[in-house]
Amino acid sequence: MEKKLHGRKVVGGKARGPALVTSEPICFLGGVDVNTGMITEVGHPLKGKCIAGKVLVFPTGKGSTGGSYLIFEAASNGVGPCAMINRNVEQVTAIGCIIAEIPMVDKLDSDPVAAIKDGDMVEVDADNGVVKVSPA
Amino acid sequence: MRLTREEEEMLAGKRGWPIQKSMEILVQLGEIYEAEKMIEVSHVHMPGSSVVVAGEAGTKFVEKMAGLGGKFCALTTLNTGALNFDAWEETGYPEKTYKLQRRLTDAYSSMGAVPCHTCTPYLIGNCPRRGEHLAWGESSAIAFANSVMGAYTNREGGPSALAAALTGRVPEYGYHLQENRYGHIEVTVNTKLETVDDFGGLGYWVGTIAGSKVPVFTGITQIGADEIKALGAALASSGAVALFHIVGVTPEAPTREAAFGGRKPEQALEFGTNELRDARQRLNKHQGQPVSLVCIGCPHTSISEIAQIAQGLAGKKLKSGVELWITTALPMRALAERCGYTKIIEEAGGRFVIDTCPILSPMAEVAKKKGYSAMATNSAKLAHYAPGQWALPTYYGSLRACLDSALSGSFDQREAR
């Protein structure tokens, strides 16, 4: 059954890809290798997973303000996520998505970290704040 | 958003592409966070000053701004870079990093930035006053500016700080508004905290829980400038804390009521000896390997920290094969030299590394080249980032334990559990 969630546009655009979901915040400095897209933070539940081409679903950002350019660098290296979904977007992540032109939504009508499962196929229409989720 | 006529002109491209692009970024950001208007900023501290963060893509973006005539209209200091310009080869940094960093630093400088490359601008001349609006990046400096100086800044990322430097504006939301500066979480400290690593442990433990909320500490009566710097840096590493209050110490917390703005805390935490032990355990990630690198200066060392290091090393020699890095700002090293500390530290075998730090430099390459076995530090921020960034086992403990490990090559296990 396809689910439809409604949220707020942070950065416009449309994208479709498999979900990569975590309940832990993500920091792009020291947390993600921007040359490979692999998550590297020791102790992070997604350590060893790759963000490239995924719809990255996480509660919010944390840590270094270097994160904005690192999101841009990951996208420029072709290993960025195709879209991002947050509970509440934090400024460093928002700026990264603006400059990297990664569609991003937050404040959905149900908690995205719970409503979306790893591997679900997710279609993000950020312009209209609509997220369609098809279970894997 | 309501823009002034001048801001409308910026957005329309009448002041050139760099200012137009900047205004677009700021308006987009303002719309996300429902800002009503722009406000003027007097200082910018520029994150994305290291090529480890900016990369090729970010460097090209900054170069484009500079190439098309961008000029900074607010005092702009550069955050930590990716290497020490004066001795990068002997420190072990690769030439490709030097070439890219040179381009990035030159691009920022040509727009008017002060290329001080430090994470502690507040120690070397970019010292804000209470209530001043800033656009600062560098998570540890933001926490210091908001909490200790009582200035107002959000957590600016590289592109938004660049836009703020070019336009002198940021959207008015978040920590620029008084209503968002009151505490959310009460943290009662009921154990005696003295050293930088004690306060780093507190910050690391609380940051994990606080996320981006505002913690209010009670029960801290004595805290020095170095300890408060470590506390803020740790809070902003495990969490996204941009502002904290210490009742009776920081300017917006003369009383508990003032810190919470008369509201009830959403959450109450207690921090005692068990919590401190828990934080220390989580920050120590090693299997007893010998120490080959000791790093002090995350955030960059103050002159008082350098004095303590000199005192600890006077007349002694580091164990052969162990490196001691003291990361600091150029003016602080100059002062250390005048005080005679540099001579003592260098004679013992220690090394000053200016302009950079292990977190914002290509440390994985240096560690590989030099075959480091483990690192020791008294910085919770560095201990938090290092294992994920360059997979090096890490010891966390007091300055004394770190210096002892530089002299003996092994870390006092009582400190490293």
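Residue positions within a chain follow its written sequence, with the count starting from 1. Note on labels: chains are lettered from A, ligands numbered from 1, in written order. In keeping with the model being predicted, local features are shown solely for residues with a pLDDT of at least 70 and side-chain atom pairs are shown and tallied solely at 80 or more, while totals for entire chains, interfaces and linings include all residues.

So, about the nonpolar core. A set of buried residues qualifies as a nonpolar core if it consists of Ala, Val, Leu, Ile, Met, Phe, Trp, Tyr and Cys joined through C-beta atoms within 7 Å. Field definition: a residue is buried when 20 or more other C-beta atoms are found within 10 Å of its C-beta, exposed when 12 or fewer are, and partly exposed for counts in between, with C-beta atoms placed from the backbone. Core analysis: the largest hydrophobic core is formed by 188 residues, its most contacted members being Cys97(A), Met104(A), Ala143(B) and Val294(B). In terms of residue count, helix H3 (residues 51-67) of chain B provides more of this core than any other element does, eight residues in total. With residues near it in sequence (within four places) discarded, Met104(A) still touches Val10(A), Val11(A), Ala83(A), Met84(A), Val89(A), Cys97(A) and Ala126(A). Segments assigned H or I by DSSP are reported as helices when at least four residues long, segments assigned E as strands when at least two residues long, and all are numbered from the N terminus. By the criterion used throughout, residues are in contact when their C-beta atoms, derived from the backbone, lie within 7 Å.

All right, on to the packing of helix H1 (residues 67-76) of chain A against H3(B) then. Structural elements are reduced to axes, namely lines fitted to C-alpha atoms, with helices fitted over the stretch in contact, and the angle between N-to-C directions of any two is expressed from 0 to 180 degrees. For the pair H1(A) and H3(B), interaxial distance at closest approach is 7 Å and the crossing angle is 50°. Here H1(A) lies oblique to H3(B), going by the angle between them. When the axes of H1(A) and H3(B) are compared, the crossing they make is left-handed. Within the contact between the two elements, H1(A) uses Tyr69(A), Leu70(A), Phe72(A), Glu73(A) and Ser76(A) and H3(B) uses Val53(B), Ala54(B), Gly55(B), Ala57(B) and Gly58(B). For the contact of H1(A) with H3(B), a count of residues per class yields six nonpolar, three polar and one charged. Here is the rule for angles: anything less than 35 degrees is roughly parallel, anything more than 145 is roughly antiparallel, 65 through 115 is roughly perpendicular, and the remaining ranges are oblique. Crossings are sorted by hand: turned counterclockwise from the far helix by less than a right angle, the near helix makes the crossing left-handed, and turned clockwise it makes it right-handed. In this classification, Asp, Glu, Lys and Arg are treated as charged, Ala, Val, Leu, Ile, Met, Phe, Trp, Tyr, Cys and Pro as nonpolar, and every other residue, Gly included, as polar.

A separate point is the domain arrangement of chain B. All names here are of chain B. Assigned domains of chain B: these are domain 1 (5-178), domain 2 (182-281) and domain 3 (284-408). For the purposes of this description, domain bounds are those given by an automatic or database domain assignment. Just the C-alpha atoms count here: the centres of domain 1 and domain 2 sit 27 Å apart. With 13 residues of domain 1 in contact, the opposing surface of domain 2 contributes 16 residues.

Spacing of three or four residues puts side chains on the same side of an α-helix, whose turn is 3.6 residues. Residue and element names in this part refer to chain B. Among the residues making up helix H14 (residues 341-348), those that are buried are Tyr341, Ile344, Ile345 and Ala348. The buried side chains of H14 occupy one side of the element, clustering within an arc of 90° when seen end-on. Positive phi appears at Gly349, one or two residues downstream of H14, with a value of about 110°. Working note: the arc is built from the helix axis to C-beta atom directions.

How big an interface is tends to be stated in terms of the accessible area lost upon association of its parts. At the interface, 33 residues of chain B touch 31 residues of chain A. Elements supplying a minimum of two residues to the side of chain B that touches chain A: helix H2 (17-32), H3, helix H7 (158-167), helix H9 (225-238) and helix H16 (380-390) of chain B. Top contributing element to the side of chain B that touches chain A by residue count: H3(B), with five residues. Here the side of chain B that touches chain A is built from residues that sort into 13 nonpolar, 16 polar and four charged.

Residue and element names in this part refer to chain B. Note: two strands are recorded as paired if DSSP finds a minimum of 2 bridges between them. Strand order in the open sheet made by the three strands is S3-S2-S4, with parallel pairing throughout. Two strands in the sheet have a free side with no partner beyond their single neighbour: strand S3 (75-78) and strand S4 (134-136). Pairwise comparison of adjacent strand axes, ignoring direction, gives a mean angle of 10° for this sheet. Sheet topology places strand S2 (residues 43-46) next to S4; three bridges connect them, and they run parallel. Residue His45 lies in a different strand from S4, and its bridge partner there is Trp136. The strands touched by H7 are S2, S3 and S4; relative to S2, the strand with the most contacts, the crossing angle is about 145°.

A separate point is unusual backbone geometry. The peptide bond linking Cys298(B) to Pro299(B) adopts the cis configuration, its omega dihedral lying at -5°. Mapped onto the fold, Pro299(B) is located in the loop between strand S10 (293-296) and helix H12 (303-313). Even without being a glycine, Lys107(A) presents a positive backbone phi close to 50°. Structurally, Lys107(A) can be placed in the loop between strand S6 (104-106) and helix H3 (112-115). Look at Lys107(A) and you get partly exposed, because 15 C-beta atoms sit within 10 Å. Located in the positive-phi region is His117(B), a residue other than glycine, with phi close to 40°. When you line up the elements, His117(B) lands in the loop between helix H5 (95-110) and S4. Residue class for His117(B) comes out buried when judged on the 30 C-beta atoms lying within 10 Å of it.

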